[in-house]
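Single-letter residue listing:
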Amino acid sequence: MLNVHLVPHTHDDVGWLKTVDQYYYGDRNDIQHAGVQYILDSVVDQLLKNPDRRFIYVETSFFYRWWKQQSASMQQTVKQLVNEGRLEFVNGGWCMSDEATTHYSAVIDQMTMGLRFLNDTFGPCGRPRVAWHIDPFGHAREHASMFAQMGYDGFFFGRLDYQDRLHRMTAKEQELLWRASDSLTPPMADLFTGILPNGYNPPEGFCWDQSCDDPPIRDDPDLEDYNVNDVVNRFLTIAGSQSKVYKTNHIIMTMGSDFQYENANLWYKNLDKLIHYVNAQQANGIKVNVLYSTPSCYLQELHRANLSWALKTDDFFPYADDAHDFWTGYFTSRPALKRYERVSNSNLQTCNQLEVLGGTVSTNGPFGNGDSQTMKKAMAVAQHHDAVSGTEKQHVANDYARRLATGWQHCQVLVSNSLAALSGSSAERVYCDNLNISVCPLTESSKKFSVNVYNPLAHPVTWSVRLPVNGTVYAVSDANGKAVDCQVVPVSAATRDVRRNRGFAVNELLFQVQAPPLGFTTYSVSLLQDGPPPASTQHQTPRAIQNKFLQATFDPETGLLSGLSNLETKQSIKLMQNFYWYNASDGNNPESNQPSGAYIFRPNSSTPFIISKTTKTETIQTPVVQEVRQWFSPWVSQVVRLYSDSRALELEWTVGPLPIDDDLGKEVITRLDTSIQTAEYFYTDSNGREVLQRKKDFRPTWNLKQSEPIAGNYYPINSRAFIKDDKDQLTVVTDRSQGGGSLQDGSLEIMLHRRLLYDDVRGVGEPLNETSHIFPEGLVVRGRLLLSLDRPPSAADAHRPLAQEMVLQPLLTFTDGDLHPNTKLEFSGLQAALPPAVHLLTLTQWDKDSVLLRLEHQFQSRESKVNSQPVTVNLQKLFSTLELLGVSELNLSANQWKDEMERFHWTPQSGERPLLKTFEDPSPWEVTLKPMEIRTFLLRVSLR
């Protein structure tokens, strides 16, 4: 008997063509007819009419909005539907996150938030068993690893490369076992993965939503157009052909699509009939059984089949839905929003930590009522696959950014309250969010001020501070009153241009700060009357800039970088770096009419245009920093910067407004061409964690027919990419998610900015052509790349902490004038820094007496001689101000106790079924972390 599982569902984007709230209310139906509140109203009403009916719901941010508005009796009714399995939650995060451009820490947070609401509201019956990413455009291995550690039994998605799908259909490998980590012992990161048959749409001819025009089932023989036999035969044909490309006698059909079921009666009335008439054929010997079902019921049947499944260890990037349609543009689309999302994550983690460390006064203190919840929700919504991905309409991108800004305002009150409690000073604190363009009204005008540096990492950090000032000589002292080396340099022309009239500083004050782990320190700054003028700029290019660790050489003819040396390891490489642009396809092309757009990268030619072969330079050399400022064109400039005690070379790029008066869309890259012999391999991270090997024109699981030599070799870079040979490894740490590739031996290119003139026909209905009121002529984007050169066996020891520093940056707050003499100038929330291999991923208030803690081993196995070893941490000896009263371990998403988490076991085709080994900690307080392991604890605490 062939069992056909019909899964009624709706796919509700948490913002795309309309904002999340417009989608919820059904506002702006002139853009798209969609209203989530009506979908949930209608579905609940229809489920009650027939106990056989089923429905699944996915996006908790929408469900939460609806639930808050229901009466107690309606809430009771819905609880009953959930308890009876008639309404089932799947996935259950606040949103369905993007997989290419998200950072793992933000994904874990948004999943935790959605699952917590379901757990608090419905208990165990509300816990989703299945992860469901039906729409994201390619699938990341780290996501599968996280889902496995969150306790999901399986994972279903809709989109994969068209060549991959064809290969899998033939081999009956559309259902597989994904081994999603090289470091975690199987089956810890093993995830059963199913590829849905029709993306996430119904089979052709069977869409009965009000938004569809397929014929309904006309089953009264006395009326015209009786079509039951036709419908049944068409359905049996589709089911039969689908069963030929799947392995078991159970198949799944997604009955629904984007924002469907607003009038659920249309769907259910016809599905009731379909089930009735198809199953009636069993009397005539037809062996097909159709039933209302859910993904978890379907998964249970696959598990019962007790088969072995193909094993996959790589990922599903890049995704193409046709020969010239590679979805690799969104890896970079909306680079300013991508950076703002990353900065917001850093600010949120700081806010969460200070809420715990400051105690109850942080949410209600001298500066008023603050909260972290607003920022948590804003960040959670920003993880959606049309948010940080850059694939939404412009007004929706503005809404995501506005939400993050509002969240940060709420957090600022909390942070000020907490710092006041910890320092004993309730002097007003000023936040300067525009330091990257040298804007901060307080530092520009004040003669005396103090800088509080809060470090959200569990390791001490050395950080270079650049403050906009108008004086020429300053004295800076640290928390012990000791003088600190500082330097005043002129603000660059590029910075003056990008900040427009938002600030007026002529100089920048530079000094290095050192902040304790999970704590703050304070520096005081005073303007001096007289002294040497600011460092002057030389107009000739230097042969080299260097400190005790690194040397970067330049070609004096062109002003471009020419080499990089690590002076400690005595290694040198040739390194040429420049900027180029690809001309975006406008779709007028004999091979394909696909243009480049928000989703799709399709250059007109494989050869990019060079922006300039030479650069105008000015150089500043001081004891604190050496920098070469390069000017390539009116819309591209860069600073190559080396701080006195840094092991990384900083490239600060400024790109935009991209000119379009020639009617050509532009995709701007920077390319590093080196002497490293890469043999067509390069490496990128997955969501900021494990690193995957990539090879040009190659896919590990099928024979690729390459049809887009550039776009088909682009991969997502979330936090780092590197190239290496036996002796040298060049690692590039990024400050946001970007797309990149290695298209020649020894070369690495990263796309920085794109501006396009045509829509790419994937539904967004807008060209990616960003402007703003500050930049009406086109957006200017600024960012940083950090370069480190190491021996391959020890490279991770440098790039792992470097990438974490880029993600969780110190927060600077400013106080004007003198601080009260009793002010506490330094504080650490830890008794001692964590070992180098351990990262404190989460510290957040859970409820009145408990906090959620996540500790992470930030190295992969075999990545470092020193750090790829198990590490033990004593929780009792962790915090300096928190008394630990109890500890319980949770799964990664904090919605199950770890010892109660049970998952289905699956057998891979190659090798035997792995048994989960349990590892005993030395004691309840001492926890051992193995490479790439994240452990989640609920701590009962009181403030000491």
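Please refer to the structure higher up on the page.
Residues numbered from 1 in each chain as written. Predicted model: local features only at pLDDT ≥ 70, side-chain atom pairs only at ≥ 80, totals over all residues. Heavy atoms only, no water.

Caption draft 1: Main features of the sheet that holds strand β20 (residues 486-490). Read across the sheet, three strands follow the order β17-β21-β20 without closing on themselves; strand pairing throughout is antiparallel. On the outer flanks of this sheet lie β17 (461-469) and β20, each paired with one strand and no other. With direction set aside, neighbouring strand axes in the sheet form an average angle of 30°. Where β17 lies against strand β21 (residues 507-515), nine bridges are found, and the strand directions are antiparallel. (Pairing = 2+ DSSP bridges. Helix = DSSP H or I, 4+ residues; strand = E, 2+ residues; numbered from the N terminus. Axes fitted to C-alpha atoms, helices over the stretch in contact; angles between N-to-C directions.)

Caption draft 2: Highlighting helix α13 (residues 394-423). Under the 1.5 Å per step criterion, the end-to-end length of α13 is 42 Å for 30 residues, consistent within 8% with the ideal 44 Å. Just downstream of α13 lies G424, where phi reads positive at about 75°. (Expected span 1.5 Å × (residues − 1).)

Caption draft 3: Structural detail: the packing of helix α3 (residues 60-68) against helix α4 (residues 72-83). Viewed as axis vectors pointing N to C, α3 and α4 meet at an angle of 140°, and their least axial separation amounts to 10 Å. The angle between α3 and α4 falls in the class oblique. Touching F63, W66 and W67 of α3 are M74, Q75, V78 and K79, all from α4. By residue class, the composition of the contact of α3 with α4 is five nonpolar, one polar and one charged. (Parallel < 35°, antiparallel > 145°, perpendicular 65-115°, else oblique. Contact = heavy atoms within 4.5 Å. Nonpolar A, V, L, I, M, F, W, Y, C, P; charged D, E, K, R; others polar.)

Caption draft 4: Structural context of the state of the cysteines. Applying the stated criterion across every chain, the model contains three disulfides. There is a disulfide in this structure between C207 and C212, and the S-S distance comes to 1.9 Å. One disulfide bridge connects C351 with C411, the sulfur atoms lying 2.2 Å from each other. Here the S-S torsion is close to -90°, and the disulfide linking C351 with C411 is therefore left-handed. Of this pair, C351 sits in helix α11 (residues 335-358) while C411 sits in helix α13; the two residues are 60 residues apart in sequence, bridging distant segments of the chain. On the basis of relative accessible area, C351 is assigned to the buried category, the value being 0%. The class for C411 is buried, based on a relative accessible area of 0%. Here the cysteine-cysteine linkages of the protein chain are recorded as 1-2, 3-4, 5-6, numbering only bonded cysteines and doing so in sequence order. (Disulfide = S-S within 2.5 Å. Buried < 20%, exposed > 50% of the residue type's maximum accessible area, 1.4 Å probe, protein only.)

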